[in-house]
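Observations on the three-dimensional arrangement
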Amino acid sequence: GTNLDFVPLSCKAEKIHGIQRIDYPTWSTQSAPCTRTVPSHFLPEKQLRQNISSFDAGADRFLLRHETHNADHYQQLHPPRLLASHRQQCLWDLKEIGYQVGTGFMVGSPGQTSKHLAEDLLFLKELNPNGGDRSFYPAHDTPFAAQKAGTLELTLFLLGLIRLMLPKVLLP
């Protein structure tokens, strides 16, 4: 199956031979190229409720990483105008519309605790997504450039727990 990723409003998008290509913005004014292309429709988080017609037109999958379920931790990672509760509600809205929903959290993100990881796992269990998860990787032109990346060991351990909790979920 094809996974979709959250695309912010300020991204650049173009279609090449029927395949949608997305350039993701970083924390600076620079853009980083997308690592995958998918033949489907991308919807900004801000416009989800306005884009039910995209589902009606044939888009059926949506990947929106919740990144962390904990509101305080989310605020450490994002500008004040973005809220964890809004992002989580978007996921529920997408499921209600009928999308196959993928989500995930950033394993090893700055400020993350074992309590945050437990909250993330509980949220995944409740949401019961079709796919998700990833490690934290610092990008060179972001406020987190000097932070350590999430570890392979912890990521694999959590993927194992997710597999036990959600046997049919699509995982990387």
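Residues numbered from 1 in each chain as written. Predicted model: local features only at pLDDT ≥ 70, side-chain atom pairs only at ≥ 80, totals over all residues. Heavy atoms only, no water.

A word on the overall build of the protein chain
The criterion, for reference: What counts as a helix is a DSSP run of H or I of at least four residues, what counts as a strand is a run of E of at least two, and both are numbered from the N terminus. Partly exposed residues are those whose accessible area sits between 20% and 50% of the maximum for their type, while under 20% is buried and over 50% is exposed, using a 1.4 Å probe and protein chains only. Residue contacts are defined here by distance: any two heavy atoms, one from each residue, within 4.5 Å place the two residues in contact. Residue-level accessible areas treat just the shown protein chains as cover; the underlying method is Shrake-Rupley with a 1.4 Å probe.
Check the secondary structure of the protein chain and you find five helices and seven strands. Counting from the amino terminus, helix and strand elements in the protein chain follow one another as β-β-β-α-β-α-α-β-β-α-β-α. The buried share among the 172 residues of the protein chain stands at 42%. A sequence separation of at least 24 residues applies to 63% of the contacts in the protein chain between residues at least 6 apart. Carbon and sulfur atoms make up 56% of the accessible area of the protein chain, which totals about 9,700 Å².

With respect to helix 4 (residues 114-127)
Let me state the cut-off plainly: Helix span, expected: 1.5 Å multiplied by one less than the number of residues in the helix.
Between its terminal C-alpha atoms helix 4 stretches 20 Å, which fits the 20 Å expected from 14 residues at 1.5 Å a residue. Of all the positions in helix 4, only His116, Leu117, Glu119, Asp120, Leu121, Phe123, Leu124 and Leu127 are classed as buried. Asn128 occupies a position one or two residues after helix 4 and carries a positive phi of about 55 degrees.

A closer look at the packing of aromatic side chains
Where we set the bar: Pairing of aromatic side chains here covers Phe, Tyr and the six-membered ring of Trp, requires ring centres within 6.5 Å, and sorts the geometry by plane angle: under 30 degrees stacked, over 60 edge-to-face, intermediate tilted.
Counted according to the given criterion, the structure contains three aromatic pairs. For the pair Trp92 and Phe123, a centre-to-centre distance of 6.4 Å together with 85 degrees between the ring planes defines the contact as edge-to-face. Linking Trp92 in helix 3 (residues 84-97) with Phe123 in helix 4, this pair joins segments that are 31 residues apart in sequence. On the basis of relative accessible area, Trp92 is assigned to the partly exposed category, the value being 31%. Judged by its relative accessible area of 3%, Phe123 falls in the buried class.

Observations concerning the nonpolar core
Looking at soluble globular proteins, one finds that nonpolar side chains tend to be buried together. Rules: Side-chain atoms within 4.5 Å link the members of a nonpolar core, which is a set of buried Ala, Val, Leu, Ile, Met, Phe, Trp, Tyr and Cys residues.
Ala59, Phe62, Leu64, Cys90, Leu91, Leu94, Tyr99, Val101, Phe123 and Leu127 form the largest nonpolar core, which has 10 residues in total. Going through the elements one at a time, helix 3 and helix 4 are the ones with two or more residues in this core. With three residues, the single largest contributor to this core is helix 3. Ranked by size, the runner-up nonpolar core spans nine residues in total, among them Phe105, Leu124, Ile162 and Val169.

Thoughts on the confidence of the model for the protein chain
The following threshold applies: On a range of 0 to 100, pLDDT expresses the predictor's confidence in each residue.
When the pLDDT values of the protein chain are averaged, the result is 75; 70% of them are 70 or greater. In this model, residues 1-44 is a region of pLDDT below 50 whose contacts with residues beyond four sequence positions or in other chains number 93 contacts.

Quick word on the side chain of Gln88
Of note, Gln88 is situated in helix 3. Of the residues examined, Gln88 reaches a relative accessible area of 11% and is grouped as buried. If we ignore the near neighbours within four places in the chain, the residues touching Gln88 are Thr68, His69 and Phe123.

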